[in-house]
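Coordinates in review
Okay, here's what each chain looks like letter by letter:
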Amino acid sequence: MVFLYFRRIRRTSYSAALAVILKKYLKIHLMIILVLSTLGFGQDFELIEVEKIMEKDTIGDFPIYETYHLNDYCFAIGTDPRSNNQHDLRLFVFDPKSNLIYRSDGQADSMTFTLKFFKSKNKPNLHLIFAHSSNEYSWGNEVFRFENGQIEYLGLLDIATYDQFDVPWDISTFMEIHKNGQNLRFEFTKDTLILNPGGKKEKMVKSKNVLYLWDGQKMELINNR
């Protein structure tokens, strides 16, 4: 009986020690996840370089100022002579046979409309395209989804970087993009940002308090302050 009593004590002590070890392991595991997330790991898209040609040209009857080339598709920035606003910059997308498959709305009075391409780490044919418009300062980024020759407009990220010694500018290189099903979440790594740059509701915000969410149908600003 005495032997069985001490045996039970040893089992109880072993279980308690195991619980302590597991608790420490879980705490360390959570800390590692937190550190990795702050370093930018776990993002679902990465910025890629594509061929860019900056010279005046025409494609069909569209005056073109610069082109970007991805998987035999041409993404061109130019104007539409048939539009009522002939000087507004637009994005035109041409397929490998030079057929026009997409034409964006015009960017009224914008002096620039430049593109950056992000590729999905899990779906090699899926890309997000950020079109940055500006005049004296950033007007934010129009976001497009491109997959298997199909392009879709997602919405505007009406947000820019903040620097007390410079003008608000392109946020696209200071982003983390996460995908969950059809949902896309856009978070920002700059500490301080400008919402609605140049607009009537322009204001400074902390990046930890804002994000944009695409829910499969619309782009929505989530602002906790």
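The sections below set out a description of the structure shown in this document. All figures in this text were calculated on a predicted structure; none of them were measured in a lab. (Residues numbered from 1 in each chain as written. Predicted model: local features only at pLDDT ≥ 70, side-chain atom pairs only at ≥ 80, totals over all residues. Heavy atoms only, no water.)

1. Re the packing of aromatic side chains
Following the criterion strictly, the structure yields eleven aromatic pairs and no others. When the centroid spacing of 6.4 Å and the interplanar angle of 55° are considered together, the rings of Phe-62 and Phe-94 count as tilted. Residue Phe-62 is found in strand β3 (residues 62-70), and its partner Phe-94 is found in strand β5 (residues 90-94); the two are separated by 32 residues along the sequence. Looking at Phe-94, the relative accessible area reads 5%, which means it is buried. (Phe/Tyr/Trp six-rings, centres within 6.5 Å; stacked < 30°, edge-to-face > 60°. Helix = DSSP H or I, 4+ residues; strand = E, 2+ residues; numbered from the N terminus. Buried < 20%, exposed > 50% of the residue type's maximum accessible area, 1.4 Å probe, protein only.)

2. Considerations on the pattern of salt bridges
Tallied over the entire structure, the rule returns nine salt bridges. Notably, a salt bridge pairs Arg-82 with Asp-61, separated by 3.9 Å at the nearest N-O pair. Residue Arg-82 is found in the loop between β4 (73-78) and β5, and its partner Asp-61 is found in the loop between β2 (51-59) and β3; the two are separated by 21 residues along the sequence. Residue classification places Arg-82 among the exposed positions, given a relative accessible area of 56%. A network of salt bridges, in which partner residues are shared, links Asp-61, Asp-80, Arg-82 and Arg-103. (Salt bridge = Lys/Arg side-chain N within 4 Å of Asp/Glu carboxyl O.)

3. Examining the nonpolar core
Ranked by size, the top nonpolar core spans 22 residues in total, and within it Leu-128, Phe-130, Leu-157, Ile-159, Phe-186 and Phe-188 carry the most contacts. Listing elements by their share of this core, those giving two or more residues are β8 (126-134), β10 (150-157), β12 (175-180), β13 (183-188), β14 (192-195) and β16 (210-214). In this structure, Tyr-68, Phe-75, Leu-89 and Val-93 belong to the second largest nonpolar core, which totals 18 residues. (Core = buried A, V, L, I, M, F, W, Y, C linked by side-chain atoms within 4.5 Å.)

4. With respect to unusual backbone geometry
Non-glycine residue Asn-71 carries a positive phi angle of around 50°. Counting through the fold element by element, Asn-71 comes out in the loop between β3 and β4. Asn-71 sits in the partly exposed class, given a relative accessible area of 48%. With a phi angle near 50°, Asn-196 is a residue other than glycine that sits in the positive phi range. The topology assignment puts Asn-196 in the loop between β14 and β15 (203-206).

5. So, the sheet that holds β12
Within the open sheet, the four strands sit side by side as β12-β13-β16-β17. Their pairing is antiparallel. Of all the strands in the sheet, the pair left with one neighbour each is β12 and β17 (219-223). With strand direction ignored, the average angle separating the axes of adjacent strands in the sheet is 20°. Bridge count for β16 against β17 is five bridges, and the pairing is antiparallel. Residue pairing in the sheet places Leu-213 in a bridge with Glu-220 of β17. (Pairing = 2+ DSSP bridges. Axes fitted to C-alpha atoms, helices over the stretch in contact; angles between N-to-C directions.)

6. Details of the pairing of β5
The buried fraction of β5 amounts to five of the five residues, a majority that puts the element mostly inside the structure. By the alternation rule, side chains of β5 split into Arg-90, Phe-92 and Phe-94 and Leu-91 and Val-93, which are all buried. Counting the residues in the hairpin turn of β5 and strand β6 (residues 100-103) gives five residues, including Ser-98, whose phi is positive at 70°.

7. Observations regarding the pairing of β16
Because side chains alternate across β16, one face comprises the buried residues Val-210, Tyr-212 and Trp-214, and the other comprises Leu-211 and Leu-213, none of which is buried. Pairing analysis gives three bridges linking β13 to β16, with the strands arranged antiparallel. Among the inter-strand pairings, Arg-185 is bridged to a residue of β16, identified as Leu-213. Between the end of β16 and the start of β17, which pair antiparallel, lie four residues, with Gly-216 showing a positive phi angle near 100°.

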